[in-house]
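# Topology and contacts: notes
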Amino acid sequence: MAETPSASSPPPREPRRPPHAKWAAFAAGAAILVALPGGPAAAEPRQKLTVVELFTSQGCSSCPPADANLIALTRRPDVLALSFSVTYWDRLGWRDTFGKPEFTARQYTYEPMLGERGPFTPQMVVNGRLSRVGYSLPDIERAISSAGPVVGPEVTIGAHDVAVGPGTAPASAADVWLAEYEPGVIEVPVRRGENAGRTLPHARVVRRLERLGAWTGTRARYPRPDAAPGLRTAILVQAPSGGPILAAATE
């Protein structure tokens, strides 16, 4: 088990990985969420964004530096930064207060496409194309610069509907994902596990992830589920099975 780094100590050189056998079993059983039917939508086009997803855990002592880096990225208007809390470190004594199996499944689905040998924390994924350990903000910013914004179909978010414009879709269609997230920073006191006694700040915490349907390259519309009070909505159009993100928008 890794030691909890102090504020002055350098981050670990290796990310934290769950046991390989557990990863293989989870990957084999990860489910795809069910699509919902389409419906009308209307809203204004959004700025082209670079999507950065952080996979983190309150039960992992290596993650706080990456959580801090994600907070810094939220200040960039050209970046859609999202934090997904995974569940496989809950066994270390602290159950992540934001963790959900579907967030863990999303990370496991990514790894083969990204060339990783298995999931780890903290991991940042840029546009579904590049994988980085989240310790170094300059390294992440270089990845953002290299990836650039997603330039796929126009996505608009209405009060009750989501619209995806025409464009080039994968042969097997793309997935349209809805992610609802906390817009601000949440301070979490951790009482047990590797981060016991620390209060950890988290930004852009995803609370809900739902697949709205498939996009085949033609203009499509999807009903938008009612959001919980205080949450914001992001839409990701993504190649299937953990492929690249083609388009993104947020409120």
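Predicted, not measured: the structure shown is a model, and the values here were computed from it. (Residues numbered from 1 in each chain as written. Predicted model: local features only at pLDDT ≥ 70, side-chain atom pairs only at ≥ 80, totals over all residues. Heavy atoms only, no water.)

### Description of the nonpolar core
- Counting 27 residues, the largest nonpolar core has Leu80, Phe84, Val206 and Leu236 as its most contacted members.
- Breaking this core down by element, the ones donating at least two residues are β1 (50–56), β2 (79–85), α3 (101–114), β7 (174–181), β10 (206–215), β12 (232–238) and β13 (245–250).
- Sequence-distant contacts of Leu80, defined by excluding residues within four places in its chain, comprise Leu49, Thr50, Val51, Val52, Tyr181, Arg204, Ala234, Leu236, Ala248, Ala249 and Thr250.
- Of all hydrophobic cores here, the second largest spans 16 residues; its members include Ile157, Val176, Tyr222 and Leu246. (Core = buried A, V, L, I, M, F, W, Y, C linked by side-chain atoms within 4.5 Å. Buried < 20%, exposed > 50% of the residue type's maximum accessible area, 1.4 Å probe, protein only. Helix = DSSP H or I, 4+ residues; strand = E, 2+ residues; numbered from the N terminus. Contact = heavy atoms within 4.5 Å.)

### A look at the side chain of Glu210
- Tracing the sequence through the fold places Glu210 in strand β10.
- Residue classification places Glu210 among the buried positions, given a relative accessible area of 17%.
- Engagement of the side chain of Glu210 in a polar contact is seen with the side chain of Arg208, the distance being 2.8 Å. (Polar contact = N/O pair within 3.5 Å; in protein donor to acceptor, adjacent residues only side chain to side chain.)

### What about the pattern of salt bridges?
- Scanning the model with the defined rule gives nine salt bridges in all.
- Asp78 is paired through a salt bridge with Arg76; the nearest N and O atoms lie 2.8 Å apart. (Salt bridge = Lys/Arg side-chain N within 4 Å of Asp/Glu carboxyl O.)

### So, the sheet that holds strand β11 (residues 220–223)
- Strand order in the open sheet made by the three strands is β5-β6-β11, with antiparallel pairing throughout. The open sheet terminates on both sides in strands that have one partner only, identified here as β5 (155–157) and β11. In this sheet, adjacent strand axes meet at a mean angle of 15 degrees when their direction is disregarded.
- Pairing of β5 with strand β6 (residues 161–164) involves three bridges; the strand directions are antiparallel. By the bridge assignment for β6, Thr156 is matched with Ala163. (Pairing = 2+ DSSP bridges. Axes fitted to C-alpha atoms, helices over the stretch in contact; angles between N-to-C directions.)

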